[in-house]
Structure formats: C-alpha cells, structure tokens
Amino acid sequence: MRDDEFLAAIKFDDRGLVPVVVQAIGDNMVLMQAFMNRDAVTQTLQTGRMVFWSRSRNELWVKGATSGHYQHWQELLLDCDGDSLLARVTADGPACHLGTVSCFQRKISRAK
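Reference entry: report on the structure contained in this document. The shown structure was predicted, so the numbers you read here are calculated from the model rather than taken from an experiment. (Residues numbered from 1 in each chain as written. Predicted model: local features only at pLDDT ≥ 70, side-chain atom pairs only at ≥ 80, totals over all residues. Heavy atoms only, no water.)

1. Let's talk about the environment of A9
Structurally, A9 can be placed in helix α1 (residues 3-9). Sequence separation between A9 and G82 is 73 residues; the distance between their C-alpha atoms is 6.2 Å. Residues contacting A9, with those up to four places away along its chain left out, are L78 and G82. (Helix = DSSP H or I, 4+ residues; strand = E, 2+ residues; numbered from the N terminus. Contact = heavy atoms within 4.5 Å.)

2. A few points about the pairing of strand β2 (residues 30-36)
Two faces make up the sheet, and in a regular strand the side chains alternate between them. When you tally the buried positions in β2, you get five out of seven residues, the bulk of the element. Here strand β1 (residues 18-24) pairs with β2 via six bridges, running antiparallel. Note on β2: the bridge partner recorded for V20 is A34. Between β1 and β2, which pair antiparallel and follow one another directly, the connecting turn spans five residues, one of which, N28, has a positive phi of 65°. (Buried < 20%, exposed > 50% of the residue type's maximum accessible area, 1.4 Å probe, protein only. Pairing = 2+ DSSP bridges.)

3. A closer look at the nonpolar core
Core analysis: the largest hydrophobic core is formed by 23 residues, its most contacted members being I10, V20, V22, M36, V41, F52 and L85. Those residues in contact with V22 that sit more than four places away from it in its chain are M29, V30, L31, M32, F52, Q71, A87 and V89. (Core = buried A, V, L, I, M, F, W, Y, C linked by side-chain atoms within 4.5 Å.)

4. Some thoughts on the pattern of salt bridges
Taken as a whole and judged by the stated rule, the model has five salt bridges. A salt bridge links R2 to E5, with the nearest nitrogen and oxygen atoms 3.6 Å apart. We classify E5 as partly exposed; its relative accessible area is 36%. Taking the shortest distance from any N to any O, the salt bridge between R15 and D13 comes out at 3.0 Å. Take D13: its relative accessible area is 28%, and that puts it in the partly exposed class. (Salt bridge = Lys/Arg side-chain N within 4 Å of Asp/Glu carboxyl O.)

5. Topic: the layout of surface pockets
Considering only enclosed or pocket space, the largest pocket measures out at about 600 Å³ in volume. At the level of elements, β2, β3 (51-54) and β4 (59-62) are the ones that each hand at least two residues to the lining of the largest pocket. Tallying contributions element by element places β2 first for the lining of the largest pocket, with four residues. Looking at the lining of the largest pocket, its residues break down into twelve nonpolar, nine polar and three charged. (1 Å grid on protein atoms, 1.4 Å probe; cavity = no way out; pocket = protein on both sides within 12 Å on 5 of 7 lines; lining within 4 Å. Points joined across faces, edges and corners; volume = space filled by probe spheres on them. Nonpolar A, V, L, I, M, F, W, Y, C, P; charged D, E, K, R; others polar.)

Right, dumping it as structure tokens:
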C-alpha cells in the first residue's frame, strides 16, 4: 500500500485523532499507546521516526526528541475498521518517561 492510500484509509475521530498502540517488533512487547493526527502520521511515514500528537500540550512530538529514545517504525498496521493503528517499532531506549521499557507496568490479575 502506498503512503497516500494508507493515510486516506485512516478514519480519524471528530478531534482528528487516531489511537496507536506501539509494539516492539523483536519480542512483541506493547511499549505504549498514544494518539496521532494526520500530520503526525505523515511525518512518521516521511521520517521513519514515530511522531505523535500530544493532547495535553496540543502539539506534535517526536518520540525521543528530548530523551534520545527514538522509535523507528518498521510496520504500520491499520485495523479492520480503519480507526486504530498498530506501530511495530525498533526503539533506541525505554518507551516510558519513567525509564521503563514499557509504559504498562501496573497489573491486576484474576485470582484462580
């Protein structure tokens, strides 16, 4: 699929955003979840680095621009409804701003 076809297939929500789950391509660990707008997807496709939309700062951000822990996309997958993305990446360091590999650290399990 060409970049323009991929971008056209994405169904952005009423705020112009699409959720993206970021997964390590080596071990399939889920690293983080974020949001992208059209510009973030376009810049990601063009640069090879993951670019997201910060809802709290209301601006684009390149993952790793501050920390040096860039994420380089290897595959971008669009779900069957066209309203969620999966980014399979290689990473230069931890995904979480707390310094952990994954942002998903808190866990609850069902008792058996």
